[in-house]
Each structure stands twice: as C-alpha cells, then as structure tokens.
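Read off the chains here:
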Amino acid sequence: MDKLISNKGSTIQSAVPESYILPPERRPSVVPPCKTIPVIDLQGLDQDRADLIQQIIKASQEYGFFQLTNHGVSEELMQDVLVVGKEFYDLPVKEKERFYSEDPNQNCRLKSSINYDKEKVHFWRDSFRHPCHPLEDYIHEWPQNPARYREVFGSYSIEVRKLGLLLLDLICEGLGLEYGYFGGELSQVLLMSINHYPLCPDPSLVLGLPKHGDPYLLTLLNQGHVAGLQVLKDEQWLAVEPLPNAFVVNINYMLQIISNGKLKSADHRVVPSSDVARTTVVTFISPFKDSLIEPAKSLVNKSSPPLYKSFRFIDFLRAYITDITGEGIDPLERFMV
Ligand code: OGA
Ligand code: NI
C-alpha cells in the first residue's frame, strides 16, 4: 500500500524519488498539442454510415487512434465517472486499503505503476481496475464508498460497452468481415481502469506510463480535460489534445492481429503534470483469456499471407507484461509468422 504514489503525500511534492527517475534516453521530450489526430463525429451515423466507416478505418490504419465526438454517452456520465474516480483516490488510506493487492489474479484491484516488484524504474501512476461485464457478476465487489461508485460506473460500463460494440461492428463492416465477427467471445470481457497520475514535481524525469500498446481488442479512454497522453506516429510523439466529452479510441494488439495488420495498434505513453493531478477512466474490450486469436480467415489468401500465428490470448498476456516494462521489446514479435 505504501507503494501507491497517491499515498506518499508531501514526501513527493519537493523531489522525484530516485526509483522513479528514468535514464536520460527514456525521459520524455516536450511535445506540443497536436491537432492532426483524426476527430470523428458519430452524429451522422444513420445518414453517412459508409463515410463514417471509411473515416474509422483510415484513422485506424494511419494513426491507430482517433477521437470520437457525439458518441451517445451522455455528458453527465462522462463527467460523473471522472468525478467519482477522483473521489475514490481522495478517500482516506484506510478505505482504499481493502482493494490494494499485489496479486494480479485479484479481480478488483488497486495497484501502483505496472509491475512494481519486477520493473527497474517505477511509473508515476496508480490504477484501480475491475471487470464490468456482466455487471451482476462483478458489481458487488466494487467500492461502496464513494457512495455513487456502483451506480455511476454501472451505468457507464453499460453505455461504453454498447458504444464499443458499435465501433467493432463498423470496423467489421469496414474490413469486410462476416457480420458479427467481433460480437462473440472476442469482445465479452470489459475492463475498467481508473488511472491516477498525481502531481509530479519534475515531469521531465519520469513517465506516468511507458511507451506501450494495449494488449486487448479496443480501448475507449475518457481523459477529462487534463493533457498527458502522447501517441507515436512515424517515430514522432504527438500530444492528444483533450476535447470536451470525447472518447480517445485506440486499436489494440488483438485487433491488429485479427485484421492481419490492416489496422495498427499505436504505441502511446503518459506524461504527468506539475500543475494538476490527472485522473482518467479507461475501458478495454477484451477477448476471454482462453480465446483463440488469429488473423481472420477471410483476410488471408495467397497474396496476403498471415502475418501472425494462432495462439490463446492468455499466452500473449503472459509475454506482454514482461515486455512493456523492459526496454524496447515489441510484444508482437513473438507472435509473428
Ligand atoms: C492505459 C493508457 C492512458 C491514460 O491505461 O493503457 O494508455 O491517459 N492510459 O490514462
Ligand atoms: Ni494504453
């Protein structure tokens, strides 16, 4: 529990502890806000379905990232999860303690950094994470304090899941896969991660999250109004500008593999701020651990041979954790043909 940065209080306000300081070559450079990451407005879905699908596929090929506006999740819910998520981190240590765990198999888990006991340098992030679907299987494990936690995250997880499945349907159509390709076990797991990046006395020395791709199918990030996320495009870091009530959506490794490399999972990282703490709500749509992952058969042929092997999702996850906290190993490499 003393590993959480949000519990270190005044001891971290004056100087960054040694164990968080990155070697100079891994420290973040200053990156100006970027207006080129595609912004897709879902408003016109009924009139311009084909056009929107093209926008989503193009953004997913070129950036692996896009922002989504008029997506149907209410502004009130978008705001409420950020407020309640922050309230959770503001609770007294005693209240949060019951969720703190170093066991990666615990469902509802508060932890710090990524792989605290194994990593060489720690990252400036705490995270509280739990599955959400089906709701009735998990909601009783969630916090009862803050008082609105279950109600707000319950409604939000249902809405975000609906939106995520809609996006997967549009991607399915755009890739020319058979109807409902992602609707089964590939998308049955829904994980919520409430990330907290406390104020940092010197953000030039640390990272909130190191360069990584997300290991699941699709991510929908509600980043609020505080900047900090950066995306790697053509070897340049681009800062993702916070847009009010938008989702930042990114293609994950499993979607890159299933699309046989047509869609790209882009590397991203997080820099903390010295002015304001940042709390984000991240939703991952994921396959089951034992789901078989492979390039979709209909996308593979003589002129477009499979780029990746077939494997169980759990085998990828096991390799992934050790790879991203290390230096520069691409977790996909082991799964290439
Ligand atoms: C993640 C992630 C970004 C953020 O949790 O995988 O990239 O801004 N989060 O919190
Ligand atoms: Ni990520």
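Structure first, text after, so check above.
Residues numbered from 1 in each chain as written. Chains lettered and ligands numbered in written order. Predicted model: local features only at pLDDT ≥ 70, side-chain atom pairs only at ≥ 80, totals over all residues. Heavy atoms only, no water.

## Comments concerning the site of ligand 1
Heads up, the condition is: Note on definitions. A residue lies near a molecule or strand when any single heavy atom of the residue is within 4 Å of it. Whenever a nitrogen or oxygen atom comes within 3.5 Å of another N or O atom, the pair is scored as a polar contact, on the condition that within protein one atom can donate a hydrogen and the other can accept it, and that pairs from neighbouring residues in sequence are kept only if both atoms are in side chains. Helix and strand assignments come from DSSP, with helices taken as H or I runs of at least 4 residues and strands as E runs of at least 2, each series counted from the N terminus.
For ligand 1, the set of nearby residues contains 13 residues, the closest of which are Tyr197, His212, His268, Arg278 and Thr280. In this structure, His268 approaches ligand 1 through a side-chain N or O atom, which is 3.0 Å from an oxygen atom. Between ligand 1 and Arg278, the relevant distance is 3.0 Å, taken from an oxygen atom to a side-chain nitrogen or oxygen of the residue. Broken down by secondary-structure element, the contributors of at least two residues to the shell around ligand 1 are strand S6 (189–197), strand S7 (209–212), strand S12 (268–270) and strand S13 (278–286).

## Topic: the coordination of the nickel ion (ligand 2)
The criterion, for reference: The donor set comprises N, O and S atoms within 2.8 Å of the metal, extended to 3.2 Å for Na, K and Ca; water molecules are omitted, so apparent gaps in a site may simply reflect that omission.
Surrounding the nickel ion (ligand 2) are the protein donor atoms His212 (NE2), Asp214 (OD) and His268 (NE2), at 2.1 Å. On the primary sequence, the residues serving as donors to the nickel ion (ligand 2) are separated as H-x1-D-x53-H.

## Considering the pairing of strand S8 (residues 218–222)
A regular strand carries its side chains on alternate faces of the sheet. As a reminder, the rule being used: Residue exposure (1.4 Å probe, protein chains only): buried if accessible area is under 20% of the type maximum, exposed if over 50%, otherwise partly exposed. For two strands to pair, DSSP has to find at least two bridges joining them.
Among the five residues of S8, five are classified as buried, and the element is accordingly described as predominantly covered. Residues Leu218, Leu220 and Asn222 point to one face of S8 and Thr219 and Leu221 to the other, with burial holding for every one of them. Where S8 lies against strand S11 (residues 247–251), four bridges are found, and the strand directions are antiparallel. Considered in S11, the bridge of Leu220 is made with Val249. As judged from the five bridges shared by S8 and S13, these two strands associate in the antiparallel manner. Among the inter-strand pairings, Asn222 is bridged to a residue of S13, identified as Val281.

## Here we look at the environment of Ser19
The criterion, for reference: By the convention used here, residues are in contact when the closest approach between their heavy atoms is within 4.5 Å.
Tracing the backbone through its elements, the reader meets Ser19 in the segment before strand S1 (33–34). Discounting residues that sit within four places of it in the chain, Ser19 has contacts with Val121 and His122.

## Some thoughts on the sheet that holds S13
Formally: Axis definition: a line fitted to C-alpha atoms, limited for helices to the stretch in contact. Angles are taken between N-to-C directions and run from 0 to 180 degrees.
With mixed pairing, eight strands are arranged side by side in an open sheet as S2-S3-S11-S8-S13-S6-S5-S4. Unpaired on one side and paired on the other, strand S2 (39–41) and strand S4 (109–112) mark the two borders of the sheet. Looking at each pair of strands side by side, their axes are set apart by 25° on average, direction ignored. In terms of strand pairing, S4 meets strand S5 (residues 126–131) through four bridges, oriented antiparallel. Paired with Leu110 across the strands is Phe128, a residue of S5. Those strands touched by helix H2 (residues 75–90) are S4, S5, S6, S8, S11 and S13, and its axis lies near 115° from that of S13. Where helix H5 (residues 149–175) meets the sheet, its contacts fall on strand S3 (65–69), S5, S6, S8, S11 and S13, and the angle it forms with S8 comes to roughly 135°.

## Focus on the packing of aromatic side chains
Just so we agree on the cut-off: Only Phe, Tyr and Trp rings take part, Trp by its six-membered ring, and two of them pair if their centres are within 6.5 Å. Stacked means planes under 30 degrees apart, edge-to-face means over 60, and tilted covers everything else.
Enumeration over the complete set of coordinates arrives at 20 aromatic pairs. Where Phe88 meets Phe128, the ring centres are 4.3 Å apart and the plane angle is 20°; that geometry is what we call stacked. With Phe88 in helix H2 and Phe128 in strand S5, this residue pair connects regions lying 40 residues apart in the sequence. The same class applies to Phe88 as to Phe128, namely buried. Ring pairing ties together the aromatic residues Phe88, Tyr89, Phe99, Phe128, Trp142, Tyr149, Phe153, Tyr156 and Phe247, which thus form one cluster.

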